[in-house]
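Reading the structure
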Amino acid sequence: MKEVLLKLNHISKTFAGRQALKDINMMIHEGEILGFLGPSGAGKTTTIKIVTGQLVQSSGEATILNSDTRKINEEIYEKIGIVTDASGIYEEFTVYDNLLLFAQLLKVETLRIDELLERVGLKEQRNQMAGKLSKGQTQRLVLARAVLHKPKLLFLDEPTSGLDPSTALDIHKLLLELKDDGMGIFLTTHNMEEATKLCDHVALLNDGNIVEFGTPKEICLRYNSDKKYRVLLNSQEEVILSQNPAQMAQLHEWLITDEVEAVHSCEPTLENVFLTVTGRELQ
Ligand SMILES: Nc1ncnc2c1ncn2[C@@H]1O[C@H](COP(=O)(O)OP(=O)(O)O)[C@@H](O)[C@H]1O
Ligand SMILES: [Mg+2]
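Just so it is clear, the model here is predicted, and its values are computed rather than measured. (Residues numbered from 1 in each chain as written. Chains lettered and ligands numbered in written order. Predicted model: local features only at pLDDT ≥ 70, side-chain atom pairs only at ≥ 80, totals over all residues. Heavy atoms only, no water.)

Digging into the layout of surface pockets
Rule in force here: Residues are said to line a cavity or pocket when one of their atoms sits within 4 Å of a point; the points come from a 1 Å grid over protein atoms alone, cavities being sets where a 1.4 Å probe fits but cannot get out and pockets being open sets with protein on both sides within 12 Å along at least five of seven lines. Grid points are joined across faces, edges and corners, and a volume is the space filled by probe spheres set on the points. Numbering goes from the N terminus for both helices and strands, where a helix is a DSSP run of H or I of at least four residues and a strand is a run of E of at least two.
What the largest pocket holds in volume is close to 320 Å³. Ile80, Ile82, Phe102, Arg145 and His149 are the residues nearest the centre of the largest pocket, which is lined by 17 residues in total. Of all the secondary structure elements, the ones that give two or more residues to the lining of the largest pocket are helix H2 (74–77), strand S6 (80–83), helix H3 (95–105) and helix H5 (135–147). It is S6 that contributes the most residues to the lining of the largest pocket, four residues altogether.

Some points on helix H9 (residues 245–256)
Cut-off, in case you're wondering: To estimate how far a helix should reach, multiply one less than its number of residues by 1.5 Å.
Spanning 12 residues, H9 covers 16 Å between terminal C-alpha atoms, matching the ideal 16 Å at 1.5 Å per step. Positive backbone phi, at 55°, marks Asp258, one or two positions downstream of H9.

Some remarks on the side chain of Thr52
Formally: Polar contacts, as counted here, are pairs of nitrogen or oxygen atoms within 3.5 Å of one another; within protein the pair requires one atom able to donate a hydrogen and one able to accept it, and residues that are adjacent in sequence qualify only if both atoms are side-chain atoms. Contact criterion: two residues are considered in contact whenever any of their non-hydrogen atoms come within 4.5 Å of each other.
Among the structural elements, Thr52 can be located in the loop between helix H1 (44–51) and strand S4 (59–64). There is a polar contact of 2.8 Å between the side chain of Thr52 and the side chain of Gln54. Each residue touching Thr52, except ones within four places of it in the same chain, is listed here: Ile72, Tyr77, Ile82 and Phe155.

Here we look at the domain arrangement of the protein chain
Formally: Where each domain starts and ends follows an automatic or database-derived domain assignment.
Domain assignment breaks the protein chain into domain 1 (4–221) and domain 2 (225–266). Here the C-alpha centre of domain 2 lies 42 Å away from the C-alpha centre of domain 1.

What about the pattern of salt bridges?
Pairing between side chains becomes possible if they bear opposite charge and their charged atoms approach one another. Short version of the rule: Whenever Lys or Arg places a side-chain nitrogen within 4 Å of a carboxyl oxygen from Asp or Glu, that contact is recorded as a salt bridge. Buried residues are those whose accessible area, probed at 1.4 Å on protein chains only, stays under 20% of the maximum for their type, while exposed residues exceed 50% and partly exposed ones sit between those limits.
Tallied over the entire structure, the rule returns 18 salt bridges. A salt bridge links Arg112 to Glu115, with the nearest nitrogen and oxygen atoms 2.9 Å apart. Taken together, the residues Arg112 and Glu115, both in helix H4 (residues 111–120) and three residues apart, mark about one turn of the helix. By relative accessible area, Arg112 is classed as buried at 9%. When the shortest N-O distance is used, the salt bridge between Arg222 and Glu218 registers 3.7 Å. Pair noted here: Arg222 and Glu218 are both in helix H8 (residues 216–222), with a separation of four residues, about one helical turn.

A look at the sheet that holds strand S13 (residues 260–265)
What counts is decided by this rule: Two strands pair if DSSP finds at least two bridges between them. Here an axis means a line fitted to C-alpha atoms, over the contact stretch when the element is a helix, while the angle between two N-to-C directions is reported on a 0 to 180 degree scale.
One open sheet accounts for three strands, arranged S12-S11-S13; its pairing is antiparallel. Where the open sheet ends on each side, the last strands, each with one partner, are strand S12 (238–242) and S13. Across this sheet, the average inter-strand angle for adjacent strands is 25°, counted without regard to direction. Lying over the sheet, H9 contacts strand S11 (228–233), S12 and S13, oriented at roughly 135° with respect to S12.

A few points about the side chain of Thr160
Tracing the backbone shows Thr160 in the loop between strand S7 (153–157) and helix H6 (165–180). A polar contact of 2.4 Å, which involves the side chain of Thr160, links it to the side chain of Glu194. Those residues in contact with Thr160, other than ones at most four positions away along the chain, are Ala168, Ile171, His172 and Glu194.

Things to note about the environment of Asp157
Residue placement: Asp157 occurs in strand S7. The exposure class assigned to Asp157 is buried, which follows from its relative accessible area of 4%. Excluding residues within four positions of it along the chain, Asp157 makes contact with Thr45, Ile48, Val83, Thr84, Asp85 and Thr188.

What to know about H3
The set of residues buried in H3 consists of Val95, Tyr96, Asn98, Leu99, Leu100 and Ala103. Close packing links the buried residues of H3 with H4 and H5. Just downstream of H3 lies Lys107, where phi reads positive at about 55°.

Focus on the nonpolar core
What counts here: The term nonpolar core refers to a set of buried residues drawn from Ala, Val, Leu, Ile, Met, Phe, Trp, Tyr and Cys, joined through side-chain atoms within 4.5 Å.
Leu154, Leu175, Ile185 and Leu270 are the most contacted members of the largest nonpolar core, which has 46 residues in total. Tallying contributions element by element places H5 first for this core, with six residues. In this structure, Leu175 is in contact with Ile33, Leu143, Leu154, Leu156, Ile185, Leu187 and Leu198, ignoring residues within four places of it in sequence. Among the nonpolar cores identified, the runner-up in size contains 25 residues, and Met26, Ile50, Phe186 and Leu205 belong to it.

Comments concerning the sheet that holds strand S10 (residues 209–214)
Read across the open sheet, the six strands follow the order S6-S7-S8-S3-S9-S10; overall the sheet is mixed. The open sheet is flanked by S6 and S10, the only strands paired with a single partner. Averaged over all adjacent pairs, the angle separating strand axes in this sheet is 15°, with direction ignored. Helix-sheet contacts for H6 involve strand S3 (33–37), S7 and strand S8 (184–189), and the interaxial angle to S8 is about 150°. With respect to the sheet, helix H10 (residues 270–278) is in contact with S3, strand S9 (201–206) and S10, its orientation differing from that of S9 by roughly 40°.

And the structure:
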């Protein structure tokens, strides 16, 4: 049985009479990436703040590594990592010294610093002032710092938002490696491709409600009532066919006469599902 690292039971949060989170239930296990996918204002950051002890819920219970999130102590903080927009990097320190400072605080062997710099692609920036890094490089450093002590559970609040695609891809690769090492990861994003690619489970969040939950594939197939196929013919003509007898007979005909170059099923994306369920776009 995989260990449950984080559990939310009926969590709600009200700010000055306005409900930001409504009855949120979910769990994260070791080696699992759970995605909170929702547009700006959906309640993603509020959820992260509650489960990391930076805010207190209005009702419900949440436990992190078997402790109540309202009573998080040092022992728990030593086992989690948090990446939010407030980077907390010391700009006048070098890249290496930023990590050294945390390594000393968290009693991590300094050998781990160079291993991580290599892994996040900052080896060449090792002795550069952190304040001189690009946005993508800063985010790599923030991430290296968050996983320096090999936390059991990592929180990432929109970690690739506004980054160039190649840095985003490097970060995706690193997250999948960390997951393989057994880390549980709570990722918030408004990027449905990122969620589809990385997450074992996703919760679609809208106005503080989880409106869908499952694996990205399960969720998309749940909304695939209107089955369609995109067929590319040898002539390079592209045709969309519906699953009705006449059109399937046509596909069959093309297949046996070897006229088909490729066939793709057109199930909806998480973005389409979100739009269907909420009537709103994700970004
Ligand atoms: N400290 C706060 N005081 C009042 N309202 C807040 C506060 N923090 C967040 N909110 C409100 O709660 C809702 C959810 O915000 P947030 O969790 O930041 O969303 P997201 O991270 O998904 O963009 C928004 O309507 C936001 O305005
Ligand atoms: Mg946010």
